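Examining the three-dimensional arrangement
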Amino acid sequence: MELGRVVSELGLEPLATGDLTRDVQGGYACDLLSDVLAHAEAGDLWITHQRHLNVVAVAKLRDLAGVIFARGNRPSPDVVARAAQEGVNLFLSSEPAFEVAGRLHRLLHP
Amino acid sequence: MTGPQAPPALRLKRIYEVAPRDLERAGTVSTEVRRELLALGMSPEVVRRASVVCFEGEMNMVLYSEGGRIILLVKEDRVELLFSDRGPGIADVNLASQPGYSTAPDWARELGFGAGLGITNMEENSDLFKIRSRVGKGTVVRATILLGVPFF
């Protein structure tokens, strides 16, 4: 499903957006960076509570469709700036990770 | 009779310095390595594997070492990543390589590091992998990704 549609369906606040036409293949919810590197798939939306610079690097290296910061965990402006520079999509959700993951799953697998 | 074979031609060599505890800059080497490999037209799978190996190695150097450097070598038949640091060295490499084992301090764990999967991830994504370490001296890791070899 196109990223732009996921964003509007889930009511995500865009923080940094490169390509909203990107196809979202699935999702991955985790706060351990090595676990994400090992198991997330290209095109996944990553739901996390981490919000530091290395999140941008992991998303980039794993070619993720984007990152959703759950429960209103807003990253600092330098993180958003780095993501914009690297073309990594970042979004904020006011909902807890469980809700975001559940809604994303239902959306992708109706 | 054929003479000794020429070594595979070197396509690219890059050397990156890694500063200890500099989490702000951590991840920049792996991002740069990814860019270089994409520019050389490497397959997405090779780029992904090399990126993961590099990120984990870089993070280990940033979090645990006194700093060092990462060398990227691209040859006709392989991508090599060499990590060498200035210490403190790993007393028991086998133990440190076990999935789930980590000496990460609490502050690093809170940032999502210290899952104890770093070395495992490096090894899993390499075709050849070797760690040499001496306490008080430092650690050298060589990770090789062979091109044109099946990877599962």
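Now for a description of the structure that goes with this document. (Residues numbered from 1 in each chain as written. Chains lettered and ligands numbered in written order. Predicted model: local features only at pLDDT ≥ 70, side-chain atom pairs only at ≥ 80, totals over all residues.)

Counting its regular elements, chain A contains five helices and five strands. Along its sequence from the N terminus, chain A presents helices and strands in the succession α-β-β-α-β-α-β-α-β-α. Here chain A has a C-alpha radius of gyration of 12 Å; the compact-globule value for 110 residues is 13 Å, and the two agree. Its C-alpha atoms give chain A principal-axis dimensions of about 35 × 25 × 25 Å. When the 110 residues of chain A are sorted by exposure, 45% land in the buried category. If you take every contact in chain A between residues at least 6 apart in sequence, the share linking residues at least 24 apart comes to 50%. (Helix = DSSP H or I, 4+ residues; strand = E, 2+ residues; numbered from the N terminus. Rg over C-alpha atoms; globule rule 2.2 N^0.38 Å. Buried ≥ 20, exposed ≤ 12 C-beta atoms within 10 Å, placed from the backbone. Contact = placed C-beta atoms within 7 Å.)

Once that is clear, we can look at the overall build of chain B. For chain B, the count of helices and strands is five helices and five strands. The helix and strand sequence of chain B, counted from the amino end, reads β-α-α-β-β-α-α-α-β-β. Relative to a compact globule of 152 residues, whose C-alpha radius of gyration would be 15 Å, chain B shows 16 Å and is just as compact. Principal axes of the C-alpha set define a box for chain B whose edges measure 60 × 30 × 30 Å. Every one of the 152 residues in chain B was classed for burial, and the buried ones make up 34%. For chain B, the proportion of contacts with a sequence separation of at least 24, taken over those separated by at least 6, is 62%.

Moving on to the environment of A:Leu107. Residues and elements named next belong to chain A. Along the chain, the position of leucine 107 falls in helix α5 (residues 97–108). Exposure remark for leucine 107: the 15 C-beta atoms within 10 Å place this residue in the partly exposed category. Along the chain, leucine 107 and valine 6 lie 101 residues apart, while their C-alpha atoms are 7.7 Å from each other. Setting aside residues up to four positions removed in sequence, leucine 107 forms contacts with Met1, Val6 and Glu9.

Residues and elements named next belong to chain A. Spatial ordering of the open sheet is given by β1-β5-β4-β3-β2, a layout of five strands whose pairing is mixed. With partners counted over all chains shown, the strands left at the sheet margins are β1 (13–16) and β2 (26–29), one partner each. Each strand of the sheet is rotated relative to its neighbour by a mean of 25°, with strand direction disregarded. Sheet analysis places β2 next to strand β3 (residues 44–48), joined by four bridges and oriented parallel. Across the sheet, the residue bridging to tyrosine 28 is tryptophan 46, located in β3. (Pairing = 2+ DSSP bridges. Axes fitted to C-alpha atoms, helices over the stretch in contact; angles between N-to-C directions.)

Attention now moves to the environment of A:Arg71. All names here are of chain A. Position of arginine 71 relative to the elements: it lies in the loop between β4 (66–69) and α4 (77–86). Judged by the 14 C-beta atoms lying within 10 Å of it, arginine 71 is partly exposed. Sequence spacing of arginine 71 and serine 93 is 22 residues, and the spatial spacing of their C-alpha atoms is 6.0 Å.

What follows deals with α4(A). Residues and elements named next belong to chain A. Among the residues making up α4, those that are buried are Val79, Arg82 and Ala83. What you see down the axis of α4 is that its buried residues fit within an arc of 100°, all on one side. With respect to the buried face of α4, the exposed residues turned more than 90 degrees away are Pro77, Asp78 and Gln85. Lining the buried residues of α4 we find β1, α3 (53–61) and β5 (90–92). Downstream of α4 by one or two residues, glycine 87 has phi in the positive range, about 75°. (Arc of directions from axis to C-beta.)

Right, let's get into the nonpolar core. Side chains that are nonpolar tend, in soluble globular proteins, to be buried together. By size, the foremost hydrophobic cluster in this structure holds 64 residues, and its most contacted members are A:Trp46, A:Val67, A:Ile68 and B:Ala50. The leading source of residues in this core is helix α2 (residues 44–64) of chain B, at twelve residues. If near-sequence neighbours (up to four positions away) are discounted, A:Trp46 is found in contact with A:Tyr28, A:Val36, A:Ala40, A:Ala59, A:Leu64, A:Val67 and A:Ile68. (Core = buried A, V, L, I, M, F, W, Y, C linked by C-beta atoms within 7 Å.)

With 18 residues of chain B in contact, the opposing surface of chain A contributes 16 residues. Those elements that place two or more of their residues in the side of chain B that touches chain A are α1 (28–39), α2 and α5 (118–124) of chain B. The leading source of residues in the side of chain B that touches chain A is α2(B), at five residues. Tallied by class, residues from the side of chain B that touches chain A come to seven nonpolar, seven polar and four charged. (Nonpolar A, V, L, I, M, F, W, Y, C, P; charged D, E, K, R; others polar.)

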